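Structural description and commentary
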Amino acid sequence: MAHITHQDDSQSQPSDLLHKIRSATYERVMREHGLAGEIAVATSFYHEKGGYEGARELLNRTPRPTAIFAGADQAAFGALAAVHEAGLRVPADVSVAGYDNTHLAALPNIALTSVDQGGSVMGAAAGKLLLERIEGRSSAVRFSVTPSLIVRGSTAAPAE
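Read on for a plain summary of the structure.

Cut-offs and rules
- Residues numbered from 1 in each chain as written.
- Predicted model: local features only at pLDDT ≥ 70, side-chain atom pairs only at ≥ 80, totals over all residues.
- Heavy atoms only, no water.
- Salt bridge = Lys/Arg side-chain N within 4 Å of Asp/Glu carboxyl O.
- Buried < 20%, exposed > 50% of the residue type's maximum accessible area, 1.4 Å probe, protein only.
- Helix = DSSP H or I, 4+ residues; strand = E, 2+ residues; numbered from the N terminus.
- Pairing = 2+ DSSP bridges.
- Axes fitted to C-alpha atoms, helices over the stretch in contact; angles between N-to-C directions.
- Contact = heavy atoms within 4.5 Å.
- Polar contact = N/O pair within 3.5 Å; in protein donor to acceptor, adjacent residues only side chain to side chain.
- Patch = residues over 30% accessible without salt bridge, like charges linked within 9 Å, V, L, I, M, F, W, Y side chains within 5 Å.
- Areas by Shrake-Rupley, 256 points an atom, 1.4 Å probe, with all protein chains shown as cover.

**Side note on the pattern of salt bridges**
For the structure on display, the rule yields eight salt bridges. For Arg137, the salt bridge goes to Glu132, with nearest N and O atoms at 2.9 Å.

Structure (structure tokens):
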């Protein structure tokens, strides 16, 4: 399994950047499963062209990955194009997954497996917390959402 991460040109602390967290977690989990030698990361941008370029880079490596996880659906759409352009089939030859569960990911002709981070739940909570602040709450509030994997037609077990 390979990973497409976002090129970071910001001055923020790495621990504050979601793409850094995703990439570090990918590498940690690969090591935990005894796959340290299989870690493959392409650094590009979280848009279609970036995903396309990142996937082309990964597909040219030996061994070729059987799965690509892009840290954003937009990049995953570009990865899908690169896989098809290489004459490979999704998911028979290469599985592709993204992150964000955008509305385009659910379209039947795309059917992208994606991580849903609960954007509507987070938005509703942010609105509620803002109203509480306006009404006088001064104490800090912690809120978290557990992401879920939405499995669609772009992923399958690797061919034997």
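Next comes the rest of the description.
**Section: the pairing of strand β2 (residues 41-44)**
Each regular strand shows side chains that alternate between the opposite faces of the sheet. A one-sided burial pattern is seen for β2, the buried positions being Ala42 and Ser44 and the unburied ones Val41 and Thr43. In terms of strand pairing, strand β1 (residues 2-6) meets β2 through four bridges, oriented parallel. Paired with Ile4 across the two strands is Ala42, which belongs to β2.

**Quick word on the sheet that holds strand β5 (residues 113-116)**
As summarised here, the arrangement of the six strands in space is β2-β1-β3-β4-β5-β6, forming an open sheet in which the pairing is mixed. Unpaired on one side and paired on the other, β2 and β6 (148-150) mark the two borders of the sheet. Within this sheet the neighbouring strands show an average axis-to-axis angle of 20°, counted without direction. Looking at chain direction, β1 and strand β3 (residues 67-70) are connected through three bridges and run parallel. Paired with His3 across the strands is Phe69, a residue of β3. Sheet strands in contact with helix α3 (residues 73-85) are β1, β3, β4 (95-99) and β5, and its direction is about 165° off that of β4.

**Focus on the side chain of Ser95**
By the element assignment, Ser95 lies in strand β4. Reaching out from Ser95, the side chain makes a polar contact with the backbone nitrogen of Ala156 at a distance of 2.9 Å.

**Some details on a nonpolar patch on the surface**
On the surface, Val121, Met122 and Phe143 cluster together into a nonpolar patch covering about 260 Å² of accessible area. Along the chain, the position of Val121 falls in helix α4 (residues 119-134).

**Quick word on unusual backbone geometry**
With omega at 0°, the peptide bond leading from Thr62 into Pro63 counts as cis. Tracing the backbone through its elements, the reader meets Pro63 in the loop between α2 (48-59) and β3. Note the cis peptide between Val90 and Pro91, where omega equals 0°. Tracing the chain through its elements places Pro91 in the loop between α3 and β4. The backbone phi angle of Asp100 is positive, close to 130°, even though this residue is not glycine. Examined against the element boundaries, Asp100 turns out to sit in the loop between β4 and β5.

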